[in-house]
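Each chain, letter by letter, is given below.
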Amino acid sequence: DLWRSDGTVAGTFKLASEIKTKLPGVDYRVGAAVLNGFLYFAAAPSGNQLYKTDGTVAGTSLITSIGDSPYSFTAFGNAVFFFAIDYQTHVCAFWKTDGTSGGTGIFKDLYHGVDDPPFSGLTPFKDKLFFSAPDPVASIELFTSDGTGAGTGLFKDLVPGSGGSSPGGFTQ
């Protein structure tokens, strides 16, 4: 169930009982992001779905269904970005939402493989997002995005060759 609290007993109440915020089979924290006064998060009443809330019962709503196991929710510019895996097609994609169903979707396929993709560290810095992702030639390296599909890709091969640098621990 989804609850809200201001830190007091009187200010603690259930926003919705049909929203299950613990996703079955997910071994990592999916997280949440705040953008323009709304909290964006994934929940699973019947599959993985994207919700937003302004902290009120009336202001809590389903945006749309999304890929399996969404994670790394990050606000950047006028959108929330996250990764989601489709275990049936073995594709991990970079998703983006502006808070509407029509403005939510995959904007870049990043990984095709049978293993869980090793994405991490989705971090905004200046006018870009930085993250660790697999590159077919350079292995796991530093990627960047300006929020567009065309502006998303390998930033730098930090350790040249097929070994990869596996960067992580990004901070602002």
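Below you will find a few notes about this structure. Residue positions are given per chain, counted from 1 along the sequence in the order it is written. The model is predicted, so local features are restricted to residues of pLDDT at least 70 and side-chain atom pairs to those at 80 or more, both for listing and for counting; the totals for chains, interfaces and linings are taken over all residues. Values reported for side chains reflect all heavy atoms of the structure, with hydrogen atoms and water molecules removed beforehand.

The numbering of helices and of strands both runs from the N terminus, where a helix is a DSSP run of H or I of at least 4 residues and a strand a run of E of at least 2. Relative to the helices and strands, S120 resides in strand β11 (residues 120–125). Working definition: with a 1.4 Å probe on protein chains only, accessible area under 20% of the residue-type maximum means buried, over 50% means exposed, and in between means partly exposed. Judged by relative accessible area, which is 28%, S120 ranks as partly exposed. Sequence-wise, S120 and F130 are 10 residues apart; in three dimensions their C-alpha atoms are separated by 9.3 Å. Among all residues touching S120, those that are not within four sequence positions of it are F131, S132, P167 and F170. Residues count as neighbours in contact if any of their non-hydrogen atoms are within 4.5 Å of one another.

Attention now moves to the nonpolar core. A general tendency of soluble globular proteins is for nonpolar side chains to be buried together. In terms of nonpolar packing, the biggest core is built from 17 residues, with F81, F83, C92, F94, F119, L122 and F131 touching the most fellow members. Elements represented by at least two residues in this core include exactly β7 (68–76), β8 (79–86), β9 (91–97), β10 (104–112) and β12 (128–135). Per-element accounting of this core gives the leading share, 4 residues, to β8. Once residues lying within four places of it in the same chain are set aside, the contact partners of F119 are Y71, F83, C92, L110, Y111, F131, S132, A133 and P134. Nonpolar cores are built from buried Ala, Val, Leu, Ile, Met, Phe, Trp, Tyr and Cys residues. Side-chain atoms within 4.5 Å join them into one set. The next biggest cluster of nonpolar side chains, apart from the first, holds 13 residues, and it includes I63, F73, A84 and A93.

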